[in-house]
Amino acid sequence: MATTKNGVNAVSMIDTFKEFTETKNIDRTTLVSVLEESFRNVIAKIFGSDDNFDVIVNPDKGDFEIYRNRVVVPDGEVSDENKEIALSDAQQIQDDYEVGEDVSERVDFTKFGRRAILNLRQTLASKILELEHDTLYNKYKDRVGEIVTGEVYQIWKREVLVIDDEGNELLLPKAGQIPNDVYRKNESIKAIIERVTNENNNPKIILSRSSNLFLQRLLEAEVPEIAEGMVAVRKIARIPGERAKIAVESFDDRIDPVGACVGVKGSRVHGIVRELCNENLDVINYTQNTKLFIQRALAPAQINSIVLNEEERKAEVYLRPEEVSLAIGRSGQNIKLASMLTEYTIDVFRELDNQDAEEEDIYLDEFNDEVDQWVIDAIKGIGLDTAKQVLNAPREMLISKADLEEETVDQLLSVLKAEFEK
């Protein structure tokens, strides 16, 4: 059975309309307004104006009606065929029409042809896309800093595409990922909404799991005292997936802020640690006393003394030789996090005993016959001018701060030690 051209157009028209009335995440009133506006745009292109047209959209039934309103004029006096109709033509519609009356006539949109339907589809698609973008942006623009749960949809080299519960696309870039994270399609993940952009009306929702705020929000969810305002998270320093230090303060003398955050046998942080790929969490008491804060931040190392340079925000920390490795930590993590937490550059030094202190020191420049001058200059550049200062400084610090190769540092230490062994 052959289908007429108008039949094909009618089917296409119905499919077009249903496709857009089923659009998600757009409220009914706005959708009806957009559909009506799209019809009017096409009508205006065909007839030159849509002022005398009534467009009735019914999204529940998935259909629409269009009526053209024209004024009856005497035969031969029609000056605008869109807005006027001859008396004889009007009486063919209904025989009792008279000059001056309004004629409302239903319009069959499919008779306008394939091009009109295609034009309508393009107009609708453009407006619906713009509306979806506005809806997505408005949904998330005021939610920056909140935790969102989504489903992993696509995994790329530089980012992961996450879908929220309404099918919106969220992006988790590489910089926002925890290095140890392993993503699997369709699995659920948590992240914080880090920022929302809307360049050229193309909204992007950027997530992060590596930000300090993500850890803070997880703590707020797990620790009632924080949510209720009795305990505050003052500062956080993180090496995502490895280790974090958290400084907390209590506003109630009866509440131990560290104990409240950790819980009995670590019960309150277990879930957070799992969420962060077994990231170790050190929780300490916050204080405005800088020396005490640095001391707590370097735990578990025991500090002998601290010399502060508040103007340059530097701290020289002196401790027993056996405590140096604890202060620095594995791969330098402990001292790095302590510096991040306190916002002070921390240098650790071995505490000299009385006998060592009485020994004569030697300026580094006196070793220029055995050590290259550029190596001496690099060491002096980090504030160490004498042999004893270098020998008492941690080897790891000399390598990282002076930006020297391990072999170069080891040769320097060997020369300096040999001098004092003489």
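Small disclaimer: the values here were computed from a predicted structure and weren't measured.

Trainee: Would you mind going over the sheet that holds strand β14 (residues 314-319) with me for this structure?
Mentor: Neighbouring strands of a sheet are bound in pairs by backbone hydrogen bonds; such pairs are parallel or else antiparallel. As summarised here, the arrangement of the three strands in space is β13-β14-β15, forming an open sheet in which the pairing is mixed. Edge positions in the sheet fall to β13 (305-309) and β15 (345-350), since each of these pairs with one other strand and no more. Each strand of the sheet is rotated relative to its neighbour by a mean of 20°, with strand direction disregarded. As defined by bridge partners, β13 adjoins β14 across five bridges and the pair is classed as antiparallel. Each residue of the ladder has a partner; that of V307, found in β14, is E316. Here helix α10 (residues 321-328) sits on the sheet in contact with β14 and β15, set at roughly 155° to β15.

Trainee: Would you explain helix α5 (residues 212-222) in this entry?
Mentor: One full turn of an α-helix is made of 3.6 residues, so residues set three or four places apart face in the same direction. If you check which residues of α5 are buried, you get F214, L215, L218 and L219. Relative to the axis of α5, the buried residues are bounded by an arc of 140° and lie together on one face.

Trainee: So what exactly am I meant to see when it comes to the pattern of salt bridges here?
Mentor: Any two side chains of opposite charge can pair, on the condition that their charged atoms come close. The full count for this structure, using the stated rule, is 26 salt bridges. The residue D181 makes a salt bridge to R209 at a minimum N-O spacing of 2.9 Å. Linking D181 in the loop between β7 (169-173) and β8 (188-199) with R209 in the loop between β9 (202-208) and α5, this pair joins segments that are 28 residues apart in sequence. For the pair D181 and R209, a shared accessibility class is recorded, and that class is buried. In this structure, E275 engages R209 in a salt bridge whose closest nitrogen and oxygen atoms are separated by 2.7 Å. Residue E275 is found in helix α8 (residues 267-275), and its partner R209 is found in the loop between β9 and α5; the two are separated by 66 residues along the sequence. When its relative accessible area of 4% is taken as the criterion, R209 is described as buried. Connected via shared salt-bridge partners are E36, R40 and D50.

Trainee: Looking at this structure, how should I read the sheet that holds strand β10 (residues 231-239)?
Mentor: With mixed pairing, the three strands of this open sheet are ordered in space as β10-β11-β12. Only two strands of the sheet have a single neighbouring strand rather than two, namely β10 and β12 (280-285). Ignoring which end each strand starts from, the neighbouring axes of this sheet average 20° apart. Here strand β11 (residues 243-250) runs beside β12; their pairing, made up of six bridges, is parallel. In the sheet register, A244 faces β12, and the bridge partner there is L281. Helix α11 (residues 333-342) rests against β10, β11 and β12 of the sheet, and its axis sits at about 135° to β10.

Trainee: Would you mind going over the packing of helix α9 (residues 290-297) against α11 with me for this structure?
Mentor: What describes two packed helices is the angle between their axes and the distance between those same axes. Where α9 contacts α11, the axes come no closer than 9 Å and their chain directions differ by 150°. Judged by the sense of rotation from one axis to the other, the crossing of α9 with α11 is right-handed. Residues F293, I294 and A297 of α9 lie in contact with α11, whose contacting residues are N334, A338, L341 and T342. For the contact of α9 with α11, the per-class residue count stands at five nonpolar, two polar and no charged.

Trainee: Mind showing me how you'd approach the side chain of R238 here?
Mentor: For R238, the location among the structural elements is in strand β10. Accessibility expressed as a relative area gives 5% for R238, which makes it buried. Side-chain polar atoms of R238 contact the backbone oxygen of S211, separated by 2.7 Å. Separated by 2.9 Å, the side chains of R238 and E279 make a polar contact. Setting aside its immediate chain neighbours within four residues, R238 contacts I178, R209, S210, S211, N212, L215, R243, A244, L276, E279, L337 and M340.

Trainee: Help me out: how do you make sense of the packing of aromatic side chains in this one?
Mentor: In this description, a pair of aromatic rings is defined by centroid distance and the angle of the planes. Following the criterion strictly, the structure yields four aromatic pairs and no others. An angle of 40° between the planes, with centres 5.0 Å apart, marks the rings of F47 and F53 as tilted. With a relative accessible area of 24%, F47 lands in the partly exposed category. Each ring, one from Y286 and one from F293, has its centre 5.2 Å from the other, and the planes form 75°; the classification is edge-to-face.

Trainee: Is there a simple way to explain the nonpolar core in this structure?
Mentor: Generally speaking, nonpolar side chains in soluble globular proteins are found buried as a group. Residues L215, L219, I246, V248, L276 and L281 are the most contacted members of the largest nonpolar core, which totals 25 residues. Breaking this core down by element, the ones donating at least two residues are α5, β10, β11, α7 (257-262), α8 and β12. The element that contributes the greatest number of residues to this core is α5, accounting for four residues. Setting aside residues up to four positions removed in sequence, L276 forms contacts with I178, R209, F214, L215, L218, R238, G241 and L281. Core analysis: the next-biggest nonpolar cluster, separate from the first, contains 24 residues, A237, I284, A297 and A301 among them.

Trainee: Would you explain the side chain of T386 in this entry?
Mentor: Within the secondary structure, T386 sits in the loop between α13 (373-380) and α14 (387-392). The contact partners of T386, leaving out residues within four places of it in the chain, are D361, I362, Y363 and L364.

Trainee: Quick question: what am I supposed to make of the confidence of the model for the protein here?
Mentor: A low pLDDT score tells you not to read the predicted coordinates there in detail. In this model, the protein carries a mean pLDDT of 86, and residues with pLDDT of at least 70 account for 91%. Confidence drops under a pLDDT of 50 for residues 1-12, and excluding neighbours within four residues, the segment shows eight contacts in the predicted structure.

Trainee: Would you mind showing me how to read unusual backbone geometry here?
Mentor: Trans peptide bonds make up most of the peptide bonds, and negative phi angles are found at most residues other than glycine. Along the chain, A299 connects to P300 via a cis peptide bond; the corresponding omega equals 15°. As for its placement among the helices and strands, P300 is situated in the loop between α9 and β13. Phi at N186 takes a positive value of approximately 75°, unusual for a residue other than glycine. On the secondary structure map, N186 appears in the loop between β7 and β8. Under the relative-accessibility criterion, N186 is labelled partly exposed at 48%. Within the chain, D403 stands out as a residue other than glycine whose phi angle is a positive 55°. Mapped onto the elements of the fold, D403 is located in the loop between α15 (395-401) and α16 (406-421).

Here is what the cut-offs are and how they apply
- Residues numbered from 1 in each chain as written.
- Predicted model: local features only at pLDDT ≥ 70, side-chain atom pairs only at ≥ 80, totals over all residues.
- Heavy atoms only, no water.
- Pairing = 2+ DSSP bridges.
- Helix = DSSP H or I, 4+ residues; strand = E, 2+ residues; numbered from the N terminus.
- Axes fitted to C-alpha atoms, helices over the stretch in contact; angles between N-to-C directions.
- Contact = heavy atoms within 4.5 Å.
- Buried < 20%, exposed > 50% of the residue type's maximum accessible area, 1.4 Å probe, protein only.
- Arc of directions from axis to C-beta.
- Salt bridge = Lys/Arg side-chain N within 4 Å of Asp/Glu carboxyl O.
- Left-handed = near helix turned anticlockwise from the far one by under 90°.
- Nonpolar A, V, L, I, M, F, W, Y, C, P; charged D, E, K, R; others polar.
- Polar contact = N/O pair within 3.5 Å; in protein donor to acceptor, adjacent residues only side chain to side chain.
- Phe/Tyr/Trp six-rings, centres within 6.5 Å; stacked < 30°, edge-to-face > 60°.
- Core = buried A, V, L, I, M, F, W, Y, C linked by side-chain atoms within 4.5 Å.
- pLDDT = per-residue confidence, 0-100.

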